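Descriptive structure summary
Listed below are the residues making up each chain.
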Amino acid sequence: MESYEVTKVLNRPLSRELLARDVARLAYVAKDGTPRNIPIIFAWNGTEIVVCTPKNSPKLAGLRENPMVALTIDTEVHPPKILLIRGRAELDFVDGIPDEYLQTTSTYEMTPEQRVEWEAEIRSLYHDGMVRIVVTPTWAKLIDFETTLPSAVEELIRRRAERQSA
């Protein structure tokens, strides 16, 4: 998929709405070669998806070996609205707490006092820093079940139309 096509998908209003959510599912291949699919908080900066994780996270070994990932961001209603993204993960080891981590957790419901205590706890826990997993999308598909469908369903509809017109 060309980068302009990816941008076109990600700039659709529904895509932007989904990219404003705070939880995605990240799929990757673990170091032992088996697939993983985990819910994880993320931030969208307009060109990249950023996920923050501890420096001792098991997913890092798998991502070093195979940096290709897939993300799903969707709704919990029927029919679901689904944004599928594929890309390559780059690992950025940072000192301190990345701004994206604080941004993604800003939606947590807590009083200002609780937020101060929570941030102090986070800074204490991750005192040696975190890793920013930065994914630049190389492929994207938006499925809304109104204007776009899964590719297999699109193909079935096309085949049915061909049968009916024959």
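So, here is what we can say about the structure in this document. Only a predicted model underlies this, so the values are computations on that prediction, with no experimental measurement involved. (Residues numbered from 1 in each chain as written. Predicted model: local features only at pLDDT ≥ 70, side-chain atom pairs only at ≥ 80, totals over all residues. Heavy atoms only, no water.)

Regarding the overall build of the chain
Short version of the rule: Only DSSP runs of H or I covering at least 4 residues are called helices, and only runs of E covering at least 2 are called strands; the numbering of each starts at the N terminus. Only the protein chains shown count as cover for residues, and the accessible areas themselves come from Shrake-Rupley with a 1.4 Å probe. The charged-residue count follows a simple rule in which Lys and Arg add positive charge and Asp and Glu add negative charge, with His and chain termini not counted at all. Working definition for charges: the position is that of NZ of Lys, CZ of Arg, CG of Asp or CD of Glu.
Counting secondary structure elements, the chain contains six helices and seven strands. For the chain, the N- to C-terminal ordering of α and β elements is α-α-β-β-β-β-α-β-β-α-α-β-α. In terms of principal-axis extent, the alpha carbons of the chain reach across some 70 × 40 × 25 Å. For the chain, the accessible surface area stands at approximately 10,100 Å², while carbon and sulfur atoms represent 53% of it. Within the chain, the 25 negative side-chain charges are centred at a point lying 8 Å from the centre of the 21 positive side-chain charges.

What to know about the sheet that holds strand E7 (residues 130-143)
We count it as follows: For two strands to be treated as a pair, DSSP must find no fewer than two bridges joining them. Contacts are assigned to residue pairs with any non-hydrogen atoms lying within 4.5 Å of each other. Here the axes come from fitting lines to C-alpha atoms, over the contacting stretch only for helices, and the angles between their N-to-C directions go from 0 to 180 degrees.
Overall, antiparallel pairing links the seven strands, which are arranged E2-E1-E5-E6-E7-E4-E3 in an open sheet. The strands lining the two open edges of the sheet, one partner per strand, are strand E2 (35-41) and strand E3 (43-44). Bridging between strand E1 (residues 23-29) and strand E5 (residues 68-74) involves three bridges; their strand directions are antiparallel. Bridge pairing in E5 places Arg-25 opposite Thr-72. Taken strand by strand, helix H1 (residues 3-10) contacts E3, strand E6 (82-94) and E7, and its axis lies near 85° from that of E7.

Examining the pairing of E6
Bridging between E5 and E6 involves seven bridges; their strand directions are antiparallel. Each residue of the ladder has a partner; that of Ala-70, found in E6, is Arg-86. Relative to E7, E6 is paired through 13 bridges, and the arrangement is antiparallel. Bridge pairing in E7 places Ile-82 opposite Ile-143.

Notes on the environment of Asp-128
Convention followed: Only protein chains enter the accessibility calculation, which uses a 1.4 Å probe; a residue whose area is less than 20% of its type maximum is buried, one above 50% is exposed, and one in between is partly exposed.
Summarising the element assignment, Asp-128 is placed in the loop between helix H5 (112-125) and E7. Residue Asp-128 is classed as partly exposed on the basis of its relative accessible area, which comes to 43%. The spatial distance from the C-alpha of Asp-128 to the C-alpha of Gly-96 is 6.6 Å, given a sequence separation of 32 residues. Contact partners of Asp-128, with chain neighbours within four places excluded, come to Lys-55, Val-94 and Asp-95.

Observations regarding the side chain of Ser-15
On the secondary structure map, Ser-15 appears in helix H2 (residues 13-19). Judged by its relative accessible area of 0%, Ser-15 is buried. With residues up to four places along the chain from it excluded, the contact list for Ser-15 reads Val-9, Leu-10, Leu-83 and Leu-142.

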